[in-house]
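Residue-level listing of the chains:
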Amino acid sequence: MPADERFAVRRESARASVPRPLTAAPAPAGVPLPPGLALRGRLATGARRPETPRGSGRGGSGSRTPRSGRGGGPRRAYERARRAWDRPLTAYYVILGSSLLITVLGLVMVYSASMIKALDISKPATYFFGKQFLAAVIGGGLMLIAARMPVKLHRGLAYPILMVTVFLMILVQVPGIGMSVNGNQNWLYLGGPFQLQPSEFGKLALILWGADLLARKQDKRLLTQWKHMLVPLVPVAFMLLGLIMLGGDMGTAIILTAILFGLLWLAGAPTRLFAGVLGFAAVLAFLLIRTSPNRMSRLACMGVSEPDPEGGCWQAAHGIYALASGGWFGSGLGASVEKWGQLPEPHTDFIFAITGEELGLAGTLSVLALFAALGYAGIRVAGRTEDPFVRYAAGGVTTWITAQAVINIGAVLGLLPIAGVPLPLFSYGGSALLPTMFAVGLMIAFAREDLAAKAALAMRRPGVRWKTMRRRVKKRSSGER
């Protein structure tokens, strides 16, 4: 046999001796193959896996598809923050958290700024702190009550609060009953070391009553007429302003005017009407300032960096000194120099200056950030609701707190005249703290009234969560393990 034929026979016999891979029998239509058999069938038919390009494996330099849960840089961080801010309970937690932080930090700074003043009048170092702490405890109770009250009950309290406030403000002007503090006749003596300033409650009364009035007129579609928008809102506001100005409290009158403008703006007042009321208020304010030497001297102290030789602008100049000496992180709690008799009212109107001296720029920026968060959360509550009363009331409270904070901080920085208004939730003064904390509780109640927030809060209850988990668990047969 030739050599070529012998080689061909050996090759055929070698091929016959090699075992062939098993092939899967074709499955009937509609019947899937088991995973292992399907894999063996694909291997037997010679199907090849797609080749992985070099460098794309572990440790390679090829391109990777970014995972959605990791990395992403600033843009992904921004998207996460935006989604977190859009959650239903964000406004609720921001209002509650920022207001409590401002109040607690205010208590700390009141103690630090007032201890020298208390010792100077032969009182314990904790004298002013104790009174402020008691007011904070009562205010916390009011905030909790307001947060749990339904919106209908808040609307029902609008007229009683307004009438009681007007009565107390009239009572202040009665000789022998009202008290004068720092030249302003706007205090009532309650016995012992306690006093009450009814004009502080006038802000809350105007907000609740004005919001209820505008909401009822909006339901009747009367706000398109200028007379229904102005009457009786503007006359009642001017009555409150007149009672406040009888006592000489220009700062509270400015805050009340800002609340009035905020309500008109939320009600959609036309530009001409809004400009007319604003112009009238500006002319009235100019006349009141021009006819008072004390107010003119405060206006002249804007932007000063040192007191004049006769002692004018002393408070404004030493407020700037306190802020300038604080540096980045301050001199430390209790280490202020200006509170040792140099800066008047260190625990009330100019507590922000002591904060800057002891906590530095970091402390003052933290306070500003907390007020900004509180104001933005209030705007969110007012913008997302469908209830007109909630919109007007939340917008009024936000206008009140932010406008008062801007006026107080602007006066300390020398950018605005010294108006004599406290920093909300921060400065010493129980008469200012109580209605402000009730107003914060009002906004918390409004944030809870949102439908999405109600559903989220309901899911957080233990009973609801247990029932939901029970519905999700599938029932097993008695023999299944």
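Procedures and definitions
- Residues numbered from 1 in each chain as written.
- Predicted model: local features only at pLDDT ≥ 70, side-chain atom pairs only at ≥ 80, totals over all residues.
- Heavy atoms only, no water.
- Helix = DSSP H or I, 4+ residues; strand = E, 2+ residues; numbered from the N terminus.
- Contact = heavy atoms within 4.5 Å.
- Patch = residues over 30% accessible without salt bridge, like charges linked within 9 Å, V, L, I, M, F, W, Y side chains within 5 Å.
- Areas by Shrake-Rupley, 256 points an atom, 1.4 Å probe, with all protein chains shown as cover.
- Salt bridge = Lys/Arg side-chain N within 4 Å of Asp/Glu carboxyl O.
- Disulfide = S-S within 2.5 Å.
- Buried < 20%, exposed > 50% of the residue type's maximum accessible area, 1.4 Å probe, protein only.
- Axes fitted to C-alpha atoms, helices over the stretch in contact; angles between N-to-C directions.
- Parallel < 35°, antiparallel > 145°, perpendicular 65-115°, else oblique.
- Left-handed = near helix turned anticlockwise from the far one by under 90°.
- Nonpolar A, V, L, I, M, F, W, Y, C, P; charged D, E, K, R; others polar.
- Pairing = 2+ DSSP bridges.
- Core = buried A, V, L, I, M, F, W, Y, C linked by side-chain atoms within 4.5 Å.

A.B. asks: Report on the environment of Val-172, specifying residues and quantitative values.
C.D. replies: Within the element layout of this structure, Val-172 appears in helix H7 (residues 158-172). For the pair formed by Val-172 and Leu-246, sequence separation is 74 residues and the distance between their alpha carbons is 9.7 Å. The residues touching Val-172, leaving out its near neighbours within four places in the chain, are Gly-178, Gln-185, Asn-186, Trp-187, Leu-188 and Pro-198.

A.B. asks: How would you explain a nonpolar patch on the surface if you had to name every residue and give the values?
C.D. replies: Together, Trp-328, Phe-329, Leu-361, Leu-365 and Leu-368 line one region of the surface with nonpolar side chains, adding up to about 580 Å² of accessible area. Considering the arrangement of structural elements, one finds Leu-368 in helix H15 (residues 351-384).

A.B. asks: Tell me what's going on with the state of the cysteines, and back it up with residues and numbers.
C.D. replies: Applying the stated criterion across every chain yields a total of 1 disulfide. The residue that forms a disulfide with Cys-301 is Cys-313, at a sulfur-sulfur distance of 2.1 Å. The sign of the -90° torsion about the S-S bond sets the Cys-301-Cys-313 disulfide as left-handed. Within this pair, whereas Cys-301 is found in the loop between helix H13 (293-300) and helix H14 (314-326), its partner Cys-313 is found in the loop between H13 and H14, the two being separated by 12 residues in sequence. Side by side, Cys-301 and Cys-313 carry an identical accessibility label, which is buried.

A.B. asks: Any chance you could break down the environment of Ile-351 for me, citing the residues and the numbers?
C.D. replies: Tracing the chain through its elements places Ile-351 in helix H15. The sequence separation of Ile-351 and Val-412 amounts to 61 residues, and the corresponding C-alpha distance is 8.9 Å. Once you skip the residues sitting within four places of it in the chain, Ile-351 turns out to touch Gly-106, Met-109, Val-110, Glu-345, Pro-346, Phe-426 and Ser-427.

A.B. asks: Hey, could you go over the packing of helix H4 (residues 90-120) against helix H17 (residues 430-448) for me, with residue numbers and the actual values?
C.D. replies: For the pair H4 and H17, interaxial distance at closest approach is 8 Å and the crossing angle is 165°. Taken together, the axes of H4 and H17 lie roughly antiparallel to each other. Considering only the axes of H4 and H17, their crossing is left-handed. Packed against H4, whose contacting residues are Ala-91, Tyr-92, Ile-95, Leu-96, Ser-99 and Thr-103, the element H17 presents Met-437, Val-440, Met-443, Ile-444, Ala-447 and Arg-448 at the interface. Of the residues in the contact of H4 with H17, the class split is 9 nonpolar, 2 polar and 1 charged.

A.B. asks: Which residues make up the sheet that holds strand E1 (residues 178-181), and what values go with them?
C.D. replies: Taking strand neighbours across the sheet as the criterion, the 3 strands line up as E1-E2-E3 in an open arrangement whose pairing is antiparallel. Strands at the two margins of the open sheet, each flanked by one partner only, are E1 and strand E3 (194-196). In this sheet, adjacent strand axes meet at a mean angle of 55° when their direction is disregarded. Summarising the sheet, strand E2 (residues 184-191) and E3 pair through 3 bridges and their orientation is antiparallel. Residue pairing for E3: Tyr-189 is matched across the bridge by Gln-195.

A.B. asks: How would you explain the nonpolar core if you had to name every residue and give the values?
C.D. replies: Of all hydrophobic cores here, the largest spans 108 residues; its most connected members are Ile-95, Leu-206, Leu-233, Leu-264, Phe-389, Tyr-392 and Phe-446. If one sorts the elements of this core by residue count, helix H16 (residues 388-412) sits on top with 13 residues. Beyond its immediate sequence surroundings of up to four residues, Leu-264 is in contact with Met-229, Leu-230, Leu-233, Ala-269, Phe-274 and Val-277.

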